[in-house]
Each structure stands twice: as C-alpha cells, then as structure tokens.
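# Understanding the architecture of this molecule
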Amino acid sequence: DFQGLQVVGLPYDYRAIHCALVALERLMVEREAEMQKTGFTDFQPINVILDELPVSSSGCKDLELDLLKPLKTLIRAGRTSKIRLIILAQGWEAKALGIEGEGSLRDSLTYVYLKGFVEDHAAKSKIDISQIERPCIIEGQIADTAFLARFIDTYPAGLDLTGQAARTKDAKWCQDKG
C-alpha cells in the first residue's frame, strides 16, 4: 500500500514501531529546542503514516512498550516542529484509536474520510459525492484531490528509521530497552 515510502515495523515488528515513534518524539523535542534557541523554523517536513493504530497499540502493550507516550506527544505538538502524524484506523472512537482514557486527543486530529468510509460519512452528513470519481471528505468538506496526480512520481526524502537508525542514540536506547 505504501509504494515509494519508507516502511518501518513490518510484519508486526512492534519494537521497531515503538522505536521509530520514540525517535520522532526526541527529534520533535530537539527541533523545539532549536526553535526556542535560534528562532529557526524551516525544518524539513516529516510525514509519518501510522497504519492500523489499534493493532500497533495493542502489540506494543503486549510487549510492555509504551506507544501512547510518544504518540500523544506527537499528536499534541508534532506539527509545530513540522512532524505530521497521519493515523489510519477504522474508527474515530478513542478505543478504536487505541487511546482509551485520552479521548481529548481526538480534538487535535483532523478527520479524513476515504474509500468505503467516505460513502458512509457522506450519507450520514448529507454530502453529495455522486459526481466525484475519488471522493475525499476532510473536516466535513469535500476535498479536491485532483492535484495529487502530480505526486505519482515522487520519492521519499529524509529520515531513515531503519538502516541509519542503527547508528543513532535512539536506536541504541531502543535496543537497550527492548
């Protein structure tokens, strides 16, 4: 599903998923410190897609890894340091997102409805999507996704959370904790 993107944590490597989120949380803290110290804000954006959050959350919990701490931090504050977390889940309830007891985090999220979910949401919200080839609804509004065609031949740049991470202090920390 994620051709051309760096993928961490397959198949079901919850330690790698946890480690990647911890590394991103630390990067966010470092960037925020840089912003406070120098005023620099032109960081390279990092877009992180966390697919099937409930599965990852449960898997980490089974291994006694706290996925929620870095996740909550990134949801609440990641955007200020240009780290954007995209969570894919099959529901918006706190339980479905794996953040039970932290339902207020949902207020920090933007909801995007695609594929089978968009039809259901459109029907409930009385939004006509019958004339749209690939409908997308963001925060209750139909989104024009035609511009996405220009990204078909783009490639990822930036963070290597697999090979390069083996040489970072975050990977060492994760290995020590794992």
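Parameters at a glance
- Residues numbered from 1 in each chain as written.
- Predicted model: local features only at pLDDT ≥ 70, side-chain atom pairs only at ≥ 80, totals over all residues.
- Heavy atoms only, no water.
- Helix = DSSP H or I, 4+ residues; strand = E, 2+ residues; numbered from the N terminus.
- Expected span 1.5 Å × (residues − 1).
- Pairing = 2+ DSSP bridges.
- Polar contact = N/O pair within 3.5 Å; in protein donor to acceptor, adjacent residues only side chain to side chain.
- Contact = heavy atoms within 4.5 Å.
- Phe/Tyr/Trp six-rings, centres within 6.5 Å; stacked < 30°, edge-to-face > 60°.
- Buried < 20%, exposed > 50% of the residue type's maximum accessible area, 1.4 Å probe, protein only.
- Salt bridge = Lys/Arg side-chain N within 4 Å of Asp/Glu carboxyl O.

### Re helix 1 (residues 14-38)
- For helix 1, which comprises 25 residues, the first-to-last C-alpha distance of 36 Å matches the rise-based estimate of 36 Å (1.5 Å per residue) to within 8%.
- Looking at the residues trailing helix 1, positive phi occurs at G39, about 85 degrees.

### Concerning the sheet that holds strand 4 (residues 137-138)
- The strand order across the open sheet formed by 3 strands is 3-4-5, and the pairing between neighbours is antiparallel. At either margin of the open sheet sits one strand with a lone partner, and together these are strand 3 (112-113) and strand 5 (141-142).
- In the sheet, strand 3 pairs with strand 4 via 2 bridges, with the strands oriented antiparallel. Within strand 4, the position partnered with V112 by the bridge is I138.

### Quick notes on the side chain of R31
- Take R31: it is sitting in helix 1.
- Here Q44 takes part through its backbone oxygen, which lies 3.0 Å from a polar atom of the side chain of R31.
- One polar contact links the side chain of R31 to the main-chain carbonyl oxygen of S81, over a distance of 2.7 Å.
- For R31, the residues in contact, after removing those within four places along its chain, are F43, Q44, I46, S81, K82 and I83.

### Some words on the packing of aromatic side chains
- On inspection of all chains with the given rule, the structure shows 2 aromatic pairs.
- Taking the centre distance of 6.2 Å and the plane angle of 50 degrees together, the rings of Y12 and Y14 count as tilted.
- Among the residues examined, Y14 registers a relative accessible area of 16% and is labelled buried.
- The interplanar angle of 85 degrees and the centroid separation of 5.0 Å between the aromatic rings of F40 and F43 together place this pair among those described as edge-to-face.
- Residue class for F43 comes out buried when judged on its relative accessible area of 11%.

### Digging into the pattern of salt bridges
- Applying the stated criterion to the full structure yields 3 salt bridges.
- Notably, a salt bridge pairs D120 with K124, separated by 3.3 Å at the nearest N-O pair. With D120 and K124 both in helix 5 (residues 115-125), this residue pair falls 4 residues apart, about one helical turn.
- Residue classification places D120 among the partly exposed positions, given a relative accessible area of 42%.

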